[in-house]
Amino acid sequence: MKRVVVGLSGGVDSSVAAYLLKEQGYEVIGLFMKNWHDDSVTISNECPWLEDSNDALLVAEKLGIPFQTVDLSEQYKERIVDYMFNEYEQGRTPNPDVLCNREIKFDVFMKIALSLGADYVATGHYCRKGTIEKDGKEIYQLLAGKDGNKDQSYFLCQLSQEQLSKALFPIGELIKPQVREIAAKLDLVTAEKKDSQGLCFIGKVRLPEFLQQKLKQKEGIIVEIPAEAAIYETEKPEFASLEEELQFESQNREYAKDLGKIVGKHQGAHYFTKGQRKGLNVGGTKEGLYVIETDVENNVIYTGQGNQHPGLFKKALFIQQSEVHWIREDLALKSGETMEVMARIRYRQPLQKATLHQFENGMYVVFDQPQSAITEGQFVAWHHDDEVLGSGVIS
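Residues numbered from 1 in each chain as written. Predicted model: local features only at pLDDT ≥ 70, side-chain atom pairs only at ≥ 80, totals over all residues. Heavy atoms only, no water.

Asks: Give me the lowdown on the packing of helix α3 (residues 73–89) against helix α4 (residues 96–115), citing residues and values where you can.
Replies: Where α3 contacts α4, the axes come no closer than 10 Å and their chain directions differ by 165°. Classified by the angle their axes make, α3 and α4 are roughly antiparallel. Considering how the two elements wind past one another, α3 and α4 form a crossing that is right-handed. Contacts between α3 and α4 involve Gln75, Tyr76, Arg79, Ile80, Tyr83 and Met84 from the former and Pro96, Leu99, Cys100, Glu103, Ile104, Asp107 and Val108 from the latter. A breakdown of the residues in the contact of α3 with α4 according to their chemical character gives 9 nonpolar, 1 polar and 3 charged. (Axes fitted to C-alpha atoms, helices over the stretch in contact; angles between N-to-C directions. Helix = DSSP H or I, 4+ residues; strand = E, 2+ residues; numbered from the N terminus. Parallel < 35°, antiparallel > 145°, perpendicular 65-115°, else oblique. Left-handed = near helix turned anticlockwise from the far one by under 90°. Contact = heavy atoms within 4.5 Å. Nonpolar A, V, L, I, M, F, W, Y, C, P; charged D, E, K, R; others polar.)

Asks: Got a sec to walk through the packing of aromatic side chains? Specific residues and values, please.
Replies: Between two aromatic rings, the relevant description is the distance of the centres plus the angle of the planes. On inspection of all chains with the given rule, the structure shows 10 aromatic pairs. Judged by centre distance (6.4 Å) and plane angle (65°), the rings of tyrosine 232 and tyrosine 255 are edge-to-face. Taken together, the residues tyrosine 232 in the loop between β8 (220–224) and α8 (242–250) and tyrosine 255 in the loop between α8 and β9 (261–266) connect sequence positions 23 residues apart. No difference in accessibility class separates tyrosine 232 from tyrosine 255, as the two residues are buried. (Phe/Tyr/Trp six-rings, centres within 6.5 Å; stacked < 30°, edge-to-face > 60°. Buried < 20%, exposed > 50% of the residue type's maximum accessible area, 1.4 Å probe, protein only.)

Asks: Describe the sheet that holds strand β3 (residues 67–71), with residues and values.
Replies: Strand pairing in a sheet relies on backbone hydrogen bonds. The paired strands run either parallel or antiparallel. What the 5 strands build is an open sheet, ordered β3-β2-β1-β4-β7; its pairing is parallel. Edge positions in the sheet fall to β3 and β7 (167–168), since each of these pairs with one other strand and no more. As defined by bridge partners, strand β1 (residues 3–7) adjoins strand β4 (residues 120–122) across 3 bridges and the pair is classed as parallel. Paired with valine 4 across the two strands is tyrosine 120, which belongs to β4. Its contacts with the sheet put helix α1 (residues 12–23) on β1, β2 (27–34), β4 and β7, and the angle it makes with β1 is roughly 170°. (Pairing = 2+ DSSP bridges.)

Everything listed is a geometric property; what it means functionally is a separate question.
Below, the structure is given as structure tokens:
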């Protein structure tokens, strides 16, 4: 009998995942991960993790499976929280959820599971795993979940073959209403529970407030750049090579204060991210202001009016070689090779037509249509049909 450790989060998805595994004849153990207990930065008096671990315990009791809690808050702080602050300080926008899966759930947590004699680790993610054979070797595929509305394969885009080989995603074939229905039939305490929002560790804490407690405030100016600014008119130079051209296409524009007008003040450029609209508190413009660039060194935020402002759009992005990650190692490109893919630069973005260009020092992802708010530190993931082939950190 194969043993599976399921990460019970206290939500409906992982509860139903545990039930389905039991139905399929696995020996199931429920494990709750406690990732956070620095109460100095929780904003509400609610104690979400306590409530969640309690719900997870009730589900385990109902399903008749053993249950325990593991405290991973130290590893979490090192690998996720410290990394996040470091990224924000540099003016990048990290994606803690993608990282949490790579570093915590399918690494630290998986090692604990394997030490308990588990053959597999299961989570309540809406995605599927495929297996194909190639040259006599088994290759694992990460596939989109059946529920197009809930597909979470993006959050797992940094997993490796090794991690996938031991992963199970029991609810990947279901849609959310079916999952809720199963939970209701079983009378599980989590059946009606709302989906958790926010970071996978700070529970009910909202990100801006969290950042403000750790990153120092420092007042700076907000500059508005007009859509007809000369910087958007520049002639494209002649390029000696494709690589040079792509480098030009993917780089950020160099803004300066005198290109626009000062429209307000902010409390720190590192709190803001490209494409952001809320929190600027500047009124009196015809259309809403969007952040088009943050200059963390000089503590200036550049903005433009409306979501079609030319400052928001770019056709290409670059990934440094050390941050190019292939789930399908067998398909990895060699220098000089290209591949047509469908790609997305954020969760829930509809897939976009793109071409990968691999060079010695990294890879360019070139989109057919210019993309809005390509953000450094976020992940770009590329697909073929419903399979995620790989991903990388936008540099």
